[in-house]
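Read off the chains here:
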Amino acid sequence: MNTAPGSLRRTTTAFLMAVALLTASPFMASSHAASDINIGPGVDAEAAAFVKTHPKEVATMANLCGAEYDTIALALRLPTDASRLGTLWVYGGNGAGSNQNTCSVFDNNTGTSKWMKLQLCDNYTNTPCDVDQGTFSQYAGPVWQKPGGCGTVTALMKASSSSSTYLINRVADNVTNCN
């Protein structure tokens, strides 16, 4: 089982965010409050209600994505609302307009480490997907995608990498900003 890529990504992301704060570069780390986060037009009423009742989670996941990600495009409780093992978050920036990048984080809500995979793809064949996978106790991601393509996000969770049974197996279409 190789968890180094996800661990390295989180370590690198945390380091870069700290450097950005210290140097006051234009890529400053995010310090979103829940009130800073908009609910995008594609978020259904049930998900919007969930977002409003979980402000700490909303802000935490947005902060992982970065300062420009201020609009929730998708908030899915998985595998179901009643039996939430994970939450799939997709964020865009500035109202999630078509020229904005997309970021996704897959929150582990089980309280124990699980094998997880998060993949964010646009719809262009020459653009590679951004993927984070491994065994995580908190979350997979964040992963990012450039604007366009009306792409997909895939969230997978299993008890372990060797398990043949998925606790979560969800693909959501048209989640990246379309242009």
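Basis of the calculations
- Residues numbered from 1 in each chain as written.
- Predicted model: local features only at pLDDT ≥ 70, side-chain atom pairs only at ≥ 80, totals over all residues.
- Heavy atoms only, no water.
- Salt bridge = Lys/Arg side-chain N within 4 Å of Asp/Glu carboxyl O.
- Core = buried A, V, L, I, M, F, W, Y, C linked by side-chain atoms within 4.5 Å.
- Buried < 20%, exposed > 50% of the residue type's maximum accessible area, 1.4 Å probe, protein only.
- Helix = DSSP H or I, 4+ residues; strand = E, 2+ residues; numbered from the N terminus.
- Contact = heavy atoms within 4.5 Å.
- Pairing = 2+ DSSP bridges.
- Axes fitted to C-alpha atoms, helices over the stretch in contact; angles between N-to-C directions.

Asker: Kindly report on the pattern of salt bridges, identifying the contributing residues and their values.
Answerer: Evaluated as defined, the whole model comprises three salt bridges. Between Asp81 and Arg77 there is a salt bridge, with its nearest N and O atoms 2.9 Å apart. A cluster of three or more residues bridged by salt bridges with shared partners is formed by Glu46, Arg77 and Asp81.

Asker: Please provide a residue-by-residue account of the nonpolar core, values included.
Answerer: Residues Val58, Ile72, Trp89 and Tyr91 are the most contacted members of the largest nonpolar core, which totals 19 residues. Elements with a minimum of two residues in this core: helix H2 (45–53), helix H3 (55–65), strand E2 (69–79), strand E3 (84–93) and strand E4 (102–108). No other element matches H3, which puts five residues into this core. Ignoring anything within four residues of it in the chain, the contact list for Ile72 reads Ile37, Asn38, Ile39, Gly40, Val43, Val51, Val58, Trp89, Val90 and Tyr91.

Asker: Before we move on, can you summarise the sheet that holds E2 with the specific residues and values?
Answerer: Spatial strand order, E1-E2-E3-E4-E7: five strands in an open sheet with mixed pairing. Two strands close off the open sheet at either side, each with one partner strand: strand E1 (38–39) and strand E7 (139–145). Pairing between E4 and E7: five bridges, direction antiparallel. When the sheet's bridge partners are listed, Thr102 is paired in E7 with Gln145. Packing against the sheet, H2 makes contact with E1, E2 and E3, and its axis sits at approximately 105° to E2. Sitting on the sheet, H3 touches E2, E3, E4 and E7, and the angle it makes with E3 is about 55°.

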